[in-house]
Amino acid sequence: MTLRVPFEQFSDAVRLHLQTRDVYAQGDRVRTIISAADSDRKMIVIATVHKSFDEVQALLSAEGLKVHSGIWSLDDDHELLSLPYIGAVSYRANKNKTGVWVGAYDKEPTPIEVLQEVYEEFRNSGELTDISLDDFVEAAQTTVVVLSPSAIEEITNRHQQ
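Residues numbered from 1 in each chain as written. Predicted model: local features only at pLDDT ≥ 70, side-chain atom pairs only at ≥ 80, totals over all residues. Heavy atoms only, no water.

*Asks:* Can you walk me through the overall build of the protein chain in this structure?
*Replies:* Each helix and strand in the protein chain was counted, giving six helices and eight strands. Secondary structure elements in the protein chain, listed N-terminal to C-terminal, are β-α-β-β-β-α-β-α-β-β-α-α-β-α. Counting across all 161 residues of the protein chain, residues that qualify as buried make up 32%. Sequence-distant contacts in the protein chain: of pairs separated by 6 or more residues, those separated by 24 or more amount to 51%. Summed over all atoms, the accessible surface of the protein chain reaches about 10400 Å², with 48% contributed by carbon and sulfur. Taken together, the 15 basic and 26 acidic charged side chains of the protein chain have centroids lying 4 Å from each other. (Helix = DSSP H or I, 4+ residues; strand = E, 2+ residues; numbered from the N terminus. Buried < 20%, exposed > 50% of the residue type's maximum accessible area, 1.4 Å probe, protein only. Contact = heavy atoms within 4.5 Å. Areas by Shrake-Rupley, 256 points an atom, 1.4 Å probe, with all protein chains shown as cover. Lys, Arg positive; Asp, Glu negative; His and termini not counted. Charge placed at Lys NZ, Arg CZ, Asp CG, Glu CD.)

*Asks:* Help me understand the sheet that holds strand 7 (residues 97-105) in this model?
*Replies:* Working definition: the strands of a sheet are paired by backbone hydrogen bonds and lie parallel or antiparallel to each other. Spatial ordering of the open sheet is given by 7-6-8, a layout of three strands whose pairing is antiparallel. With partners counted over all chains shown, the strands left at the sheet margins are strand 7 and strand 8 (143-147), one partner each. Sheet twist, expressed as the mean angle between neighbouring strand axes with direction ignored, is 20°. Note that strand 6 (residues 85-94) and strand 7 share nine bridges and pair antiparallel. Bridged to Ile 86 within strand 7 is Ala 104. The sheet strands contacting helix 4 (residues 111-125) are strand 6, strand 7 and strand 8, and the helix crosses strand 7 at an angle near 115°. (Pairing = 2+ DSSP bridges. Axes fitted to C-alpha atoms, helices over the stretch in contact; angles between N-to-C directions.)

*Asks:* I'm lost on the pattern of salt bridges in this one. Help?
*Replies:* Charged atoms that come close allow side chains of opposite charge to pair. Counted under the stated rule, the structure contains two salt bridges. A salt bridge links Asp 12 to Arg 15, with the nearest nitrogen and oxygen atoms 3.6 Å apart. Here the residue Asp 12 and the residue Arg 15 both occupy positions in helix 1 (residues 7-17), the gap between them amounting to three residues, near one helical turn. In this structure Arg 15 comes out as partly exposed when scored by relative accessible area, which is 34%. The shortest N-O distance in the salt bridge between Glu 63 and Arg 15 comes to 3.8 Å. A residue pair is termed long-range when its members are at least 10 positions apart, and Glu 63 in the loop between helix 2 (53-62) and strand 5 (66-69) and Arg 15 in helix 1 qualify at 48 residues. If you follow the salt bridges from partner to partner, you end up with Asp 12, Arg 15 and Glu 63 in one network. (Salt bridge = Lys/Arg side-chain N within 4 Å of Asp/Glu carboxyl O.)

*Asks:* Would you mind going over the sheet that holds strand 2 (residues 22-27) with me for this structure?
*Replies:* The mixed open sheet is built from five strands, whose spatial order is 1-4-3-2-5. This sheet does not close on itself; its edge strands, each paired only once, are strand 1 (2-4) and strand 5. Adjacent strand axes in the sheet meet at a mean angle of 25° when their direction is disregarded. In this structure, strand 2 lies alongside strand 5, joined through four bridges in parallel fashion. Residue pairing for strand 5: Ala 25 is matched across the bridge by Ser 69. Along the sheet, helix 1 contacts strand 1, strand 2, strand 3 (32-38) and strand 4 (43-49); its crossing angle with strand 4, the most-contacted strand, is approximately 165°. Sheet strands in contact with helix 2 are strand 2, strand 3, strand 4 and strand 5, and its direction is about 155° off that of strand 5.

*Asks:* Would you mind going over helix 2 with me for this structure?
*Replies:* For an α-helix, 3.6 residues make a turn, and residues three or four places apart therefore share a direction. Those residues of helix 2 that fall on the buried side of the exposure criterion are Phe 53, Val 56 and Leu 60. Viewed along the axis of helix 2, the buried residues span an arc of 60°, placing them on a single side of the element. Away from its buried face by more than 90 degrees, helix 2 exposes Asp 54, Ala 58 and Ala 62. In this structure, the buried residues of helix 2 make contact with helix 1, strand 2, strand 3, strand 4 and strand 5. One or two positions beyond helix 2, positive phi appears at Gly 64, with a value near 90°. (Arc of directions from axis to C-beta.)

In structure tokens, the structure reads:
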């Protein structure tokens, strides 16, 4: 049995449902997956948070949990390691150079949402001056692609064969 909880409720869920205070975390600088399990009861508690492994370790240790490197696995690891949606935009940076911008999303973005994010990022960084979104799209000859988690998995599997 798997219980998925928000990170903020993870410590309480472990104390409420499991006999252990040992938890496992696997992550990078951006996202960490935390799991704790009771193999006798066949129960696992899982949370994912957009924090680094070191941040997660410090926060959970402060709540009395002992954090180890690793992750409890279910029969299907893909269930634990869910993939994001990927939005990519190719654009003409200048007459000699094409650029690519890539973003990751928890929920499926529309192509216009991806374009708006690129546009805002470029405006905030000073790369774009006074130009409208429509003018940017036309001048930069943008192309937007949104990949679903299943499409990413399919591409990954194709390249592993």
